[in-house]
Amino acid sequence: MRPTAPGLTRPLTDPSFYAGDPFPLYARLRAEAPFVWHDDPGFWVASTYDDVMRISKDPETFCSGKGVLLMDLGRELPEIPGALLYVDPPDHTRYRRIVQPAFAPSRVKALEPAIRAQARKLLDALPEGEVVDLVEAVAVPFPLVVIAELLGVPAEDWRRFYEWSDHAIAAGTRQTDENMAALAEMAEFFLGVIAEKQRHPGDDLVSVLATVEVDGERLNDGELMMFCGQLLVAGNETTRNLVSGGLVALAEHPDQWARLRADRTLVPSAVEELLRWTTPVISFFRTATREVTIHGQRVHAGDPVMLLYASANRDEAAFGPTAGQLDVARDPNQQVAFGFGQHYCLGAALARLEGRVMLEEILDRFEELELVGEPGRLESAGVVSGWTSVPMILR
């Protein structure tokens with residue numbers, strides 16, 4: 001008999017729960033039921049930093065191939081070549097080895113001028129002293145134009161990318177005809193881009209991925225298409241919600257905003273802290289491949305486990321008594337917003353660069369961040385922590 005705590009776990013499958021304040025419940029989970037069974041539809045919940053790290057570092061015992069989203073539980077998943085999130089070693093190791101050159105530090109660093117130019121363009125267009133929705137005006141277009149630059153596709157397509165990305169996230173909860181049609185349209189678009197880059201390669205990411213060869217291996221068109229789609233969705237969602245959630249956090253903590261204004265050397269540590277505080281990806285699942293014991297609980301082969309990153313990033317055992325406070329100077333800060341282990345986010349350096357550049361440019365222009373009304377939160381089945389609107393006045 002698996003131990004359950006319905007009063008603590010039942011909200012975790014309710015999308016509306018994540019549109020509120022989930023952190024008091026996460027704290028109760030860590031204190032009262034750090035590793036507990038959720039009986040409908042049936043999965044374990046790992047809410048502490050140590051457990052999330054332990055499971056993330058052991059892909060042989062906790063695999064990704066059986067599903068990483070709530071909607072994956074209980075269904076037979078088709079094999080999807082190139083879907084990094086769903087691939088385990090040794091295939092995952094092969095994919096990482098092939099695509100890693102496309103995310104080399106020198107390549108990411110070379111994007112900074114274009115990223116800064118885009119940040120300046122968006123911020124210069126903001127009406128100073130007037131209410132503006134920073135999600136629509138800044139957080140949405142910023143990473144999408146950057147991704148277009150990275151992929152070597154027209155930046156004016158960013159609105160279409162936005163729609164595809166939102167449908168891809170929604171498909172993680174409900175596979176409606178509209179969501180699946182959008183995914184099919186995205187796949188068709190990227191297959192066309194890949195074919196063009198193979199004929200006329202440039203210095204963009206798609207050209208690099210289409211031509212890179214490691215130990216005689218290259219990616220096929222289906223794998224390339226999956227990588228493009230994953231980059232579009234993951235890169236857009238993480239940075240979008242880091243920017244919007246980060247600005248909300250700084251507006252709600254004016255003392256921390258003042259510290260940044262007084263000491264610009266804190267910007268890199270502030271980005272890490274805002275990643276910890278916002279944790280754009282709330283959770284992913286793993287599946288036990290063999291019987292194992294955690295916190296005295298017997299986990300059976302085939303049992304799904306929810307890795308609750310958002311809870312791990314507020315764990316007092318890892319971040320000390322100030323875990324529930326925003327501290328832009330926090331050091332050390334081993335946040336797990338990008339995951340850990342085999343599935344550590346390939347685009348982490350790019351997201352950090354985007355966050356740093358945007359924060360620097362905002363600090364250059366504005367002295368005050370004032371929230372006007374209540375920001376809108378995204379309903380998500382434990383996947384993305386996001387904002388639908390952030391009404392703000394910048395002075």
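Residues numbered from 1 in each chain as written. Predicted model: local features only at pLDDT ≥ 70, side-chain atom pairs only at ≥ 80, totals over all residues. Heavy atoms only, no water.

Q: Got a sec to walk through helix α2 (residues 23-32)? Specific residues and values, please.
A: Every α-helical turn comprises 3.6 residues, leaving residues that sit three or four positions apart pointing alike. The complete set of buried residues in α2 reads L25, Y26, L29 and R30. Viewed along the axis of α2, the buried residues span an arc of 140 degrees, placing them on a single side of the element. Seen from the open side of α2, the exposed residues pointing more than 90 degrees away from its buried face are A31 and E32. Tucked into the core, α2 has its buried residues touching α1 (6-9), β1 (35-38), β2 (43-46), β8 (304-308), α15 (309-312) and α16 (316-319). (Buried < 20%, exposed > 50% of the residue type's maximum accessible area, 1.4 Å probe, protein only. Helix = DSSP H or I, 4+ residues; strand = E, 2+ residues; numbered from the N terminus. Arc of directions from axis to C-beta. Contact = heavy atoms within 4.5 Å.)

Q: Tell me what's going on with the pairing of β2, and back it up with residues and numbers.
A: Alternating positions in β2 separate into two faces, F43 and V45 on one and W44 and A46 on the other, with burial throughout. Examined bridge by bridge, β1 and β2 share four bridges and lie antiparallel to one another. Following the sheet pairing, H38 is matched in β2 by F43. Where β1 hands over to β2, the hairpin turn is made up of four residues, of which G42 adopts a positive phi near 115 degrees. Across three bridges, β2 lies against β8 in parallel orientation. Looking across to β8, one finds that V45 is bridged to M306. (Pairing = 2+ DSSP bridges.)

Q: Could you give me a rundown of the packing of aromatic side chains, with the residues and numbers involved?
A: Scanning all chains against the criterion turns up 15 aromatic pairs. Seen in terms of ring centroids, F23 and Y26 are 5.4 Å apart; in terms of plane orientation they differ by 90 degrees. Their pairing is edge-to-face. Of this pair, F23 and Y26 both sit in helix α2, separated by three residues, roughly a single helical turn. Classification of Y26 by relative accessible area gives buried; the value is 1%. (Phe/Tyr/Trp six-rings, centres within 6.5 Å; stacked < 30°, edge-to-face > 60°.)

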